[in-house]
Amino acid sequence: MMRSFQIGFLASLLKFSLTFSYVPRNFNGTTPNIKEIIIGRCNQFQQVSSQNKNPALFVNVDCQQFWSLFNSSFAFKDSCNNGVINESSYDLLFNLTKSDSLLYDQAMFWSGTRQIVHEYTYIKNSFFTLEDTFNGYVANDLNWCGCKTCPDGINYNSCMGCTKATDSFWARASRTFAENAGGKVYVMVNGTTEKNYTAYYNGSYFGRIELPTLGKMKQITSMVILVVNNLDTPPTELCGQGSLAKLVQDANKLGISNINCIDDPRDTYFLQCAKYPDAEECQATSSSLLNNVSWKNFTASFLAWSIILYFQIV
């Protein structure tokens, strides 16, 4: 009875910690009320978010000015026409929020692992993704595109096929994130991709922008590749195989030679098992652990998790 309670409680605790995970609504056009959302997030990041206590992530900007620069980057412009909007369109915006400090030993890059990487960094808050930076935070899950003939220059009806405004923003954000990384960096990829997808793709934001920028800046000392596998699914790629071998080769060519690759890291495995305790892989692990974990140790773990969650929420 007690063991069942322990597993159920840990699973419930994790689910509680992820209550605030994003489930974005999809709109054909620009996200409604985008101005209010961005200004609100701008204020929230500066006044509430724990990230703003990190010197490398700290910003102090006027949110009305930020919105004005963001808006002028794409409003009344054709988001379908190549060349009209590009990374340089956001120069003034990113100059406004530029950091003078490196994110040292804490930068977490990702490709194909959007959900678990943010669950991981939420619980283990010594790492930060692009979406934890100010620019990533305010724009996360939003959609926008310009319109030459719309009253306010923003197309709220349809952005289908016209992604230059958002693509250019995230390209610039990715480049800036890599420019601000130092020391040991981490990248989380998916080792159980399906169909024609691979763990590493040199056309992704990480492959075509972040990795080359890390090599160019020469500020990092090493890279750790975390290869996460889906539960109850045989891995399609392991460290040293397929696209993961290509990742190491590409990094070496860019001057990044100190690389460590880890298959199915323990932390991410336990994180998935806490979220999906009924997975076949997790059953044997749970039984084995509970046979060796006393109630005293469980209570200590509970208190540690509670403290982490308290400071994350507060």
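The rules behind the values
Residues numbered from 1 in each chain as written. Predicted model: local features only at pLDDT ≥ 70, side-chain atom pairs only at ≥ 80, totals over all residues. Heavy atoms only, no water. 1 Å grid on protein atoms, 1.4 Å probe; cavity = no way out; pocket = protein on both sides within 12 Å on 5 of 7 lines; lining within 4 Å. Points joined across faces, edges and corners; volume = space filled by probe spheres on them. Helix = DSSP H or I, 4+ residues; strand = E, 2+ residues; numbered from the N terminus. Nonpolar A, V, L, I, M, F, W, Y, C, P; charged D, E, K, R; others polar. pLDDT = per-residue confidence, 0-100. Contact = heavy atoms within 4.5 Å. Expected span 1.5 Å × (residues − 1). Buried < 20%, exposed > 50% of the residue type's maximum accessible area, 1.4 Å probe, protein only. Salt bridge = Lys/Arg side-chain N within 4 Å of Asp/Glu carboxyl O. Disulfide = S-S within 2.5 Å. Axes fitted to C-alpha atoms, helices over the stretch in contact; angles between N-to-C directions. Parallel < 35°, antiparallel > 145°, perpendicular 65-115°, else oblique. Left-handed = near helix turned anticlockwise from the far one by under 90°.

> Before we move on, can you summarise empty space enclosed by the protein with the specific residues and values?
Under the criterion given, the structure shown has one cavity of 30 Å³ or more. Computed from the structure, the largest cavity encloses a volume of approximately 200 Å³. Along the walls of the largest cavity sit 17 residues, with T97, T133, N135, T176 and N180 positioned nearest its centre. Contributions of two or more residues to the lining of the largest cavity are made by α6 (134-139) and α7 (164-179). Top contributing element to the lining of the largest cavity by residue count: α7, with three residues. Within the lining of the largest cavity, the residues separate by chemical class into 10 nonpolar, six polar and one charged.

> Pulling in residues and values, what's your account of the confidence of the model for the protein chain?
Here the protein chain averages 87 in pLDDT, while 82% of its residues score no lower than 70. Predicted confidence is poor over residues 1-23, with pLDDT under 50, and the contacts of this stretch with residues over four places away or in other chains come to 37 contacts.

> Describe α7, naming the residues involved and giving the relevant values.
Helix length check: α7, at 16 residues, gives a terminal C-alpha distance of 22 Å against a target of 22 Å (1.5 Å per residue), a fit within 8%. When you tally the buried positions in α7, you get 12 out of 16 residues, the bulk of the element.

> Tell me about the environment of E179, and name the residues and values.
Within the secondary structure layout, E179 lies in helix α7. Residue contacts for E179: discarding those within four places in its chain leaves L102, T213, M217 and Q219.

> Explain the pattern of salt bridges residue by residue, including any values.
Applying the stated criterion across every chain, the model contains six salt bridges. Close ionic contact of D267 with K124 constitutes a salt bridge, the shortest N to O distance being 2.6 Å. Of this pair, D267 sits in helix α10 (residues 266-275) while K124 sits in the loop between α5 (114-123) and α6, and the two are 143 residues apart along the sequence. Looking at K124, the relative accessible area reads 34%, which means it is partly exposed.

> An account of the state of the cysteines is needed here, citing residue identities and associated values.
The full count for this structure, using the stated rule, is six disulfides. In this model, C80 is linked to C162 through a disulfide, with the two sulfur atoms separated by 1.5 Å. The disulfide joining C80 to C162 has a torsion of about 70° about its S-S bond and is therefore right-handed. Taken together, the residues span a long stretch of sequence, with C80 in the loop between α3 (63-74) and α4 (91-96) and C162 in the loop between α6 and α7 at a distance of 82 residues. Look at C80 and you get partly exposed, because its relative accessible area is 43%. Taking relative accessible area as the criterion, C162 reaches 13% and is therefore assigned buried. Here C239 connects covalently by a disulfide to C261, the sulfurs 2.0 Å from one another.

> Help me get a handle on the packing of helix α2 (residues 34-47) against α3, residues and values and all.
Interaxial distance between α2 and α3 falls to 9 Å at its minimum, and their mutual angle equals 135°. Between α2 and α3, the angle falls in the class oblique. Viewed along their axes, α2 and α3 form a crossing whose handedness is right-handed. Every residue of α3 that contacts α2 at I34, K35, I38, I39, C42, N43 and Q46 is listed here: C63, Q64, F66, W67 and F70. Of the residues in the contact of α2 with α3, the class split is eight nonpolar, three polar and one charged.

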